[in-house]
Amino acid sequence: MDNRRFHLVRSPLGHLFISLLVSDLILALGAIINLRWVTLARVEHSSFCVAQGIFKQVGAVGVAITSGGITIYTFAILFLRLNPPACWRCLLAIDGFIWAFLIMIPLVASLVNTDPPYYGPSSHWCWIDPHYQAQRLSLQHAIMWFVALLNILLYVPLFLLLRGNIGVIYPENAAGRVWRMRIVWRWIRRHDPWNLASDETIRIAKQMLIYPIAYIILILPITVIRWVEQTRDENNPLPSEPTMFASVIFSASGLVNVLLYVITRPRLLPSWPSYRRRTDDLQRNGRRGLRNDAENGMPETMVVGH
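Residues numbered from 1 in each chain as written. Predicted model: local features only at pLDDT ≥ 70, side-chain atom pairs only at ≥ 80, totals over all residues. Heavy atoms only, no water.

J.: I'd love a proper account of the state of the cysteines, names of residues and values included.
T.: Inspection of every chain in the model, using the stated rule, returns one disulfide. Between C49 and C126 runs a disulfide, and the two sulfur atoms are separated by 2.0 Å. Taking the torsion about the S-S bond as the criterion, the C49 to C126 disulfide, at about -105 degrees, is left-handed. Of this pair, C49 sits in helix α4 (residues 47–78) while C126 sits in strand β2 (residues 125–128); the two residues are 77 residues apart in sequence, bridging distant segments of the chain. One exposure class covers both C49 and C126, and it is buried. (Disulfide = S-S within 2.5 Å. Helix = DSSP H or I, 4+ residues; strand = E, 2+ residues; numbered from the N terminus. Buried < 20%, exposed > 50% of the residue type's maximum accessible area, 1.4 Å probe, protein only.)

Below, the structure is given as structure tokens:
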């Protein structure tokens, strides 16, 4: 039997992606409970309300954490050229840490914040009670925007790496020793003999920019709505139309994540041996290009880190 069929459950990336899908499912369940409020024509404090608040917070934070984990893993593989070991205990530890953290958030917050209850009606649905603005910021919005910033900071260098502007060079027999790597910048000329950035690689590089852009688009409407709600009086709520629109956009993160993964990830992260051969070729040609520049006295290659 082809072992590649089990690649998803044997790799950290696969485990993170499964956790991402589960988080998306939890977030979607929170959105489905809105049907109850539509039926009742009001939002009331009840067990459904508490469940929706938990689903919305755990789902949103889970999507953020697992998205950030996938970003860090992709950066480690492609940019730092690290080779994470296939370790079942490590994979279980990753899963355990993520879900223990996600379970502890509503559990501890609900036990500490009891007057009023931590989860309650919030405009058109149930979420963290409006009395707990600091918790809304620190236990959800700050995490979401930290991951958005992380996506930008890590995916942009990956884009430049695949495009050929950045080169990561390790000394011989020192691959994976991050403290010994050199990061070089080079102005790309299309006809450089060592430039291996094919049209396919450039397409993949451009696709990578979709990740931070998509995540920001998904979280921007709902966070803007939340910030605006905090500035308005309870007797002057926002109209329902922009609020519902933002909720639908954010709840679509599961569909967006699946599409992005299916379209780009198999081409971006092939099997490790094939990726290793490709990056070894890039590194050897990169060294040759650096030597040629030095011999020709060209100032276009600049070491920006070591």
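J.: Can you explain the packing of helix α8 (residues 210–231) against helix α9 (residues 240–251)? Please cite residues and give values.
T.: Where α8 meets α9, the axes come as close as 8 Å, and the angle between the chain directions of the two elements is 145 degrees. For the pair α8 and α9, the crossing hand works out as left-handed. Touching I217, L218, I219, P221, I222, I225 and E229 of α8 are P242, T243, A246, S247, I249 and F250, all from α9. Of the residues that constitute the contact of α8 with α9, the class distribution is ten nonpolar, two polar and one charged. (Axes fitted to C-alpha atoms, helices over the stretch in contact; angles between N-to-C directions. Left-handed = near helix turned anticlockwise from the far one by under 90°. Contact = heavy atoms within 4.5 Å. Nonpolar A, V, L, I, M, F, W, Y, C, P; charged D, E, K, R; others polar.)

J.: Mind laying out the pairing of strand β1 (residues 119–122), listing which residues take part and the relevant values?
T.: Two strands pair when backbone bridges link them, and β1 and β2 are joined in this way by four bridges, in the antiparallel orientation. What sits directly across from P121, in β2, is C126. Between β1 and the antiparallel strand that follows it, β2, lie two residues; S123 among them carries a positive phi value of about 60 degrees. (Pairing = 2+ DSSP bridges.)

J.: Give me the lowdown on the pairing of strand β4 (residues 182–186), citing residues and values where you can.
T.: A large share of β4 lies buried, amounting to four of its five residues. Summarising the sheet, strand β3 (residues 166–169) and β4 pair through four bridges and their orientation is antiparallel. Counterpart to I166 in the pairing with β4 is W185.

J.: Break down the packing of aromatic side chains for me, with residues and values.
T.: One pass over the full model with this rule turns up two aromatic pairs. Judged by centre distance (4.7 Å) and plane angle (75 degrees), the rings of Y118 and Y119 are edge-to-face. Between Y118 and Y132 the ring centres are 5.8 Å apart and the planes differ by 40 degrees, which places this aromatic pair in the tilted class. Here Y132 lies in the loop between β2 and α6 (133–163) and Y118 lies in the loop between α5 (88–112) and β1, a separation of 14 residues in the sequence. Across the pair, exposure class does not vary: Y118 and Y132 are buried alike. Put simply, the rings of Y118, Y119 and Y132 touch in pairs and so form one group of aromatic residues. Geometry around W125 places K56 over its ring, the cationic atom sitting 4.7 Å from the centre. (Phe/Tyr/Trp six-rings, centres within 6.5 Å; stacked < 30°, edge-to-face > 60°. Lys NZ or Arg CZ within 6 Å of the ring centre and 35° of its normal.)

J.: So, empty space enclosed by the protein: which residues are in play, and what are the values?
T.: Inspection of every chain in the model, using the stated rule, returns two cavities of 30 Å³ or more. Put simply, the largest cavity is a space of about 190 Å³. L20, S67, Y211, N257 and L260 are the residues nearest the centre of the largest cavity, which is lined by 15 residues in total. Elements that contribute at least two residues to the lining of the largest cavity include exactly α2 (12–32), α4, α6, α8 and α10 (253–268). Each residue belonging to the lining of the largest cavity can be placed in one class, and the counts come to ten nonpolar, four polar and one charged. Of the volumes computed, that of the second largest cavity is approximately 120 Å³. Taken together, 13 residues line the second largest cavity, and the ones lying closest to its centre are K56, Q140, I222, R226 and F250. Partitioning the lining of the second largest cavity into residue classes produces seven nonpolar, four polar and two charged. (1 Å grid on protein atoms, 1.4 Å probe; cavity = no way out; pocket = protein on both sides within 12 Å on 5 of 7 lines; lining within 4 Å. Points joined across faces, edges and corners; volume = space filled by probe spheres on them.)

J.: Tell me what's going on with the environment of L220, and back it up with residues and numbers.
T.: The topology assignment puts L220 in helix α8. With 72 residues separating them along the chain, L220 and A148 place their C-alpha atoms 9.9 Å apart.

J.: Hey, could you go over α4 for me, with residue numbers and the actual values?
T.: An ideal rise of 1.5 Å per residue puts 46 Å on 32 residues; α4 measures up with 46 Å between its terminal C-alpha atoms. Most of α4 sits out of view: 23 of its 32 residues are buried. (Expected span 1.5 Å × (residues − 1).)

J.: An account of the environment of W127 is needed here, citing residue identities and associated values.
T.: Summarising the element assignment, W127 is placed in strand β2. Assessed through its relative accessible area of 2%, W127 is described here as buried. In this structure the C-alpha to C-alpha distance between W127 and G30, which are 97 residues apart in sequence, comes to 9.5 Å. A polar side-chain atom of W127 sits 3.0 Å from a polar atom in the side chain of Q140. (Polar contact = N/O pair within 3.5 Å; in protein donor to acceptor, adjacent residues only side chain to side chain.)

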